[in-house]
Amino acid sequence: MTGLLAAVETSHPTRSSHAHVVGTLGRQIVDGTFPPGSILPGDKDLGETFGVSRTVLREAMKTLAAKRLIEAKTRVGTRVLERERWNLLDQDVLRWRVEAGLDGRFIEDLATMRLAFEPEAAALACRRAAAADIARLEAIVAELGNPAHDRTSIARVDLKFHLAVADISQNPFMRATSGLIETALAIVLRLSSPAEDAEMIRECADNHRLIVEAIASGDEERARATMRAVIELGATRTQAALGDGAPEG
């Protein structure tokens, strides 16, 4: 659940040759080292670069092709696909995109996608939430208001809240958007965070509590509006932090 958040906060050693090849080439494609339309080095050169067998290399290429980053063509080679074709719902691609550097357009596009899904998830939760679900959300809000939070801990609890709303909506497509939510919170962790100020932590918890109250009352329009307000506030603050020259990596 917190793979991307953990990756932003810490780095972990690659566990296999396959993962090393996928991770290295994936990052180089997303950060523009190998731009769209370019042809990757041949198997022999890549095998020597990474010190891996042809079998490992081919499996890595299959993984990158499944993420829609590359396409192999006979007599042409392995071509990097256009950005519009990348599978940005893939957790690895999203992580590499964040690691490559942030810009206002990416933050805006991400918020737009969240706004398309999460307010509706909150509205569905109004119809389908049981008493135990409301209690679960209230417990998460109480956890969210802990003044001792640091950047990582508050982002993880925030993620837990939004995934819980998606779960309670009982719509599997809503839950499938978890990668987008985690990416948004990873960006907040990198650029700005409510954990920087006790009053902001309190405000964050209060804003999420409004969502719970709307769901508990069955008020779908209020649930949509309160969820939308939380997402828009986060996006606005992140854009402002980016504009202030916050570090991108």
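Residues numbered from 1 in each chain as written. Predicted model: local features only at pLDDT ≥ 70, side-chain atom pairs only at ≥ 80, totals over all residues. Heavy atoms only, no water.

## Overview of unusual backbone geometry
Here is step 1: Of note, the phi angle at Arg 75 is positive, near 65 degrees, even though the residue is not glycine.
Here is step 2: Structurally, the position occupied by Arg 75 is in the loop between strand S1 (70-73) and strand S2 (77-80).
Here is step 3: Arg 75 gets classed as exposed once you look at its relative accessible area, which sits at 83%.
Here is step 4: In this structure, Gln 170 is a non-glycine residue whose phi angle is positive, near 60 degrees. (Helix = DSSP H or I, 4+ residues; strand = E, 2+ residues; numbered from the N terminus. Buried < 20%, exposed > 50% of the residue type's maximum accessible area, 1.4 Å probe, protein only.)

## A short note on the environment of Ala 100
Here is step 1: Position of Ala 100 among the secondary structure elements: in the loop between helix H5 (91-99) and helix H6 (104-128).
Here is step 2: On the accessibility criterion, Ala 100 (40% relative accessible area) is partly exposed.
Here is step 3: Once the C-alpha coordinates of Ala 100 and Arg 27 are considered, the two residues, 73 residues apart in sequence, prove to be 7.4 Å apart.
Here is step 4: With residues near it in sequence (within four places) discarded, Ala 100 still touches Val 30 and Asp 31. (Contact = heavy atoms within 4.5 Å.)

## A look at helix H11 (residues 198-217)
Here is step 1: Here H11 contains 20 residues, and its C-alpha end-to-end distance of 29 Å stays within 8% of the 28 Å for a straight helix at 1.5 Å per residue.
Here is step 2: By the burial criterion, the buried members of H11 are Ile 201, Cys 204, Ala 205, His 208, Ile 211, Val 212, Ala 214 and Ile 215.
Here is step 3: The inward-facing, buried residues of H11 abut H6, helix H7 (131-144), helix H8 (151-169) and helix H12 (220-243).
Here is step 4: The positive-phi residue at the C-terminal boundary of H11 is Gly 218, with phi of around 75 degrees. (Expected span 1.5 Å × (residues − 1).)

## Details of the packing of aromatic side chains
Here is step 1: Summed over all chains, the structure comprises zero aromatic pairs.
Here is step 2: Sitting above the plane of the Phe 106 ring, Arg 97 keeps its charged end 4.3 Å from the centroid. (Phe/Tyr/Trp six-rings, centres within 6.5 Å; stacked < 30°, edge-to-face > 60°. Lys NZ or Arg CZ within 6 Å of the ring centre and 35° of its normal.)

## Regarding the side chain of His 149
Here is step 1: Here His 149 lies in the loop between H7 and H8.
Here is step 2: Within polar-contact distance, the side chain of His 149 engages the side chain of Ser 153 at 2.8 Å.
Here is step 3: Discounting residues that sit within four places of it in the chain, His 149 has contacts with Glu 143, Leu 144, Ile 154, Val 157, Ala 195 and Ile 201. (Polar contact = N/O pair within 3.5 Å; in protein donor to acceptor, adjacent residues only side chain to side chain.)

## Some points on the nonpolar core
Here is step 1: Of all hydrophobic cores here, the largest spans 30 residues; its most connected members are Leu 137, Phe 161, Val 165 and Ile 215.
Here is step 2: Going through the elements one at a time, H6, H7, H8, H11 and H12 are the ones with two or more residues in this core.
Here is step 3: Contacts of Leu 137, omitting those with residues within four sequence positions, involve Phe 161, Ala 164, Val 165, Ile 168, Val 212 and Ile 215. (Core = buried A, V, L, I, M, F, W, Y, C linked by side-chain atoms within 4.5 Å.)

## Digging into the state of the cysteines
Here is step 1: Scanning the entire structure with this criterion turns up zero disulfides.
Here is step 2: Take Cys 204: it sits in no disulfide, and the sulfur closest to it among the cysteines is that of Cys 126, at 20 Å. (Disulfide = S-S within 2.5 Å.)

## Here we look at the pattern of salt bridges
Here is step 1: Under the counting rule described, the total for this entry stands at 27 salt bridges.
Here is step 2: We note a salt bridge from Glu 48 to Lys 44, for which the minimum N-O separation is 2.9 Å. Of this pair, Glu 48 and Lys 44 both sit in helix H3 (residues 43-50), four residues apart, which is roughly one turn of the helix. There is no split in this pair, since Glu 48 and Lys 44 are both exposed.
Here is step 3: When the shortest N-O distance is used, the salt bridge between Lys 160 and Glu 143 registers 2.9 Å. Of this pair, Lys 160 sits in helix H8 while Glu 143 sits in helix H7, and the two are 17 residues apart along the sequence.
Here is step 4: Given a relative accessible area of 29%, Lys 160 falls into the partly exposed group.
Here is step 5: Overall, Glu 143 belongs to the partly exposed group, its relative accessible area being 33%.
Here is step 6: Salt bridges here are not isolated pairs; linked through shared partners, they connect Arg 27, Lys 67, Asp 90, Asp 92, Arg 95 and Glu 99. (Salt bridge = Lys/Arg side-chain N within 4 Å of Asp/Glu carboxyl O.)

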